[in-house]
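Spelled out from the first residue to the last, the chains are:
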Amino acid sequence: MRQTREWGIEVMVAFQFLTSISMPSIAFEADSLSRATKFFPLVGLVIGSGAVLLQRLLLSHLSRPLIALAVLLYLVLITGCLHEDGLADTADGFGGGWSKDQVLLIMKDSRIGSYGATALMLSLLARYLLLASLPLDHFAAYVISAHVLCRWSTLPLSYFLPPAREQNGQGARIAKLTSLTSLIFGSAFTFAVVAIALRRLAVAPILVAILAVGSCGWFYTRKIGGVTGDCFGATNQLTEIAIYLCGVWTV
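Residues numbered from 1 in each chain as written. Predicted model: local features only at pLDDT ≥ 70, side-chain atom pairs only at ≥ 80, totals over all residues. Heavy atoms only, no water.

(A) Expanded view of the pattern of salt bridges. What the rule picks out here adds up to five salt bridges. A salt bridge links aspartate 109 to arginine 111, with the shortest nitrogen-to-oxygen separation between them at 2.8 Å. Three or more residues are tied together by salt bridges with common partners; here these are Glu10, Arg35 and Lys38. (Salt bridge = Lys/Arg side-chain N within 4 Å of Asp/Glu carboxyl O.)

(B) Quick peek at helix α7 (residues 114–133). In this model α7 runs 28 Å from its N-terminal to its C-terminal C-alpha over 20 residues, within 8% of the 28 Å that 1.5 Å per residue would give. Looking at the buried residues of α7, the elements they touch are α4 (64–78), α5 (82–96), α8 (139–152) and α13 (229–250). (Helix = DSSP H or I, 4+ residues; strand = E, 2+ residues; numbered from the N terminus. Expected span 1.5 Å × (residues − 1). Contact = heavy atoms within 4.5 Å.)

(C) Structural context of the packing of α7 against α13. In the contact formed by α7 and α13, the axes pass within 9 Å of each other and the chain directions differ by 30 degrees. It follows that α7 is roughly parallel to α13 by the angle criterion. When you trace α7 past α13, the crossing you get is left-handed. Between α7 and α13, the residues in contact are Ser123, Ala126, Arg127, Leu130, Leu131 and Ser133 and Gln237, Glu240, Ile241, Tyr244, Leu245 and Val248, respectively. Looking at side-chain class alone, the contact of α7 with α13 contains seven nonpolar, three polar and two charged residues. (Axes fitted to C-alpha atoms, helices over the stretch in contact; angles between N-to-C directions. Parallel < 35°, antiparallel > 145°, perpendicular 65-115°, else oblique. Left-handed = near helix turned anticlockwise from the far one by under 90°. Nonpolar A, V, L, I, M, F, W, Y, C, P; charged D, E, K, R; others polar.)

Written as structure tokens, this is what we have:
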């Protein structure tokens with residue numbers, strides 16, 4: 001009973017952190033967020049399912065480009081631009097900074113620069129075009145898989161990489177604090193969902209997601225010696241795009 005209650009709280013923490021959905025008031029503990037990471041893929045499943053439902057409702061009323069635009073707008077609103085903000089800050093930091101201190105200082109700046117604006121526009125454009133290009137009979141499977149896998153990306157990054165900065169921040173709250181149990185639980189859930197959704201086509205998206213996360217992790221370690229909250233958001237966006245591209249490319 002106690003375990004069920006703890007898991008319920010962790011699920012609410014995961015939804016509260018990753019979405020703009022209102023959750024009941026929760027008494028946060030120091031490790032609440034790191035324990036909730038195992039449920040990040042579950043949040044992705046709910047978000048992806050909502051996108052599929054919206055697409056199905058609009059399918060007989062709007063053209064595919066307009067449906068893709070509506071789905072993209074839903075995805076941006078449901079997450080409160082959390083991952084878009086991370087991508088923009090990460091692009092500004094790595095694009096404009098030469099040293100670790102410069103990169104981290106720029107990433108902390110709330111203003112958006114030219115690198116961030118460009119990355120944000122390219123991300124939105126890529127997702128719009130890819131959503132509009134996904135085959136209709138595989139749209140649901142790839143959208144759900146993309147959103148489960150992109151939320152899963154936080155698990156290996158936060159398990160293997162230390163925080164790049166020691167000050168309190170979203171990255172420092174989970175970097176190197178995600179347990180092996182959470183990594184295994186979240187990964188098993190993620191790969192099971194993708195396998196059920198895509199069946200024989202599941203191998204490529206899973207490998208692409210692992211490659212994307214591994215490449216990002218290597219880059220972050222090389223440049224700043226760890227990971228930040230913005231890095232999690234950037235990896236999330238890149239993984240989502242990679243899975244959509246996989247769907248357009250292989251189907």
